[in-house]
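# Structural overview
So the chains spell out like this:
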Amino acid sequence: VAAWAFDYCSIERMRVSGEEGNPARLEQRELRRPNENTVATVKKMPFPLDNREFVARQIWESKEGKVTVVFESTDGEIDYGTKMRTTRGLIRGLYVMEDLPIRSGAKQCRVTLVQQLDAGGVIPRWVVDKKIPNALLILHDAMEEFRLDDRIDAADREDL
């Protein structure tokens, strides 16, 4: 389950990044450590700001119904195959997916995201307000993908 969730989030983030018009998003897997990868992304910023580059190492662990993914910026240089003017940002955090008790025959989980970001330099407030929802979009998309509310509600109605 942990590997599947890790892959789902990586694939989904690649799709969303492309739809947002971001210039680059790369993933590099560690062959020696299947629970670790490095993700590099360049986030598009409005003119005259430089695009922001983030390079982070992710490690996941799965224990007894709980998957934890931690991530932190690294200093690695990334070859995107083209020259881009970017400002390097810093990011760190974790997200936790944990099983909850089965309710009305449906499995449920809780997802927690804790994230700290330094975009590198001064960014106007209106740009930050515009970009923050994109950072949370992956959680929204995952919730929609796995939503079982109709099934749970139907089972609850049957119990009445």
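This text gives an overview of the structure that appears in the document. (Residues numbered from 1 in each chain as written. Predicted model: local features only at pLDDT ≥ 70, side-chain atom pairs only at ≥ 80, totals over all residues. Heavy atoms only, no water.)

## A closer look at the overall build of the protein chain
Within the protein chain one finds three helices and seven strands. Mapped from its N terminus to its C terminus, the protein chain presents α and β elements in the order α-β-β-β-β-β-β-β-α-α. Put simply, 50% of the contacts in the protein chain that link residues at least 6 apart link residues at least 24 apart. (Helix = DSSP H or I, 4+ residues; strand = E, 2+ residues; numbered from the N terminus. Contact = heavy atoms within 4.5 Å.)

## Side note on the pattern of salt bridges
Applying the stated criterion across every chain, the model contains six salt bridges. A salt bridge links Glu36 to Arg57; its shortest N-O distance comes to 2.8 Å. A residue pair is termed long-range when its members are at least 10 positions apart, and Glu36 in strand β2 (residues 36–43) and Arg57 in strand β3 (residues 51–63) qualify at 21 residues. The exposure class assigned to Glu36 is buried, which follows from its relative accessible area of 5%. Here Arg57 falls in the partly exposed class, since its relative accessible area comes to 35%. A salt bridge links Lys63 to Glu61; the shortest N-O distance between them is 4.0 Å. On the accessibility criterion, Glu61 (42% relative accessible area) is partly exposed. (Salt bridge = Lys/Arg side-chain N within 4 Å of Asp/Glu carboxyl O. Buried < 20%, exposed > 50% of the residue type's maximum accessible area, 1.4 Å probe, protein only.)

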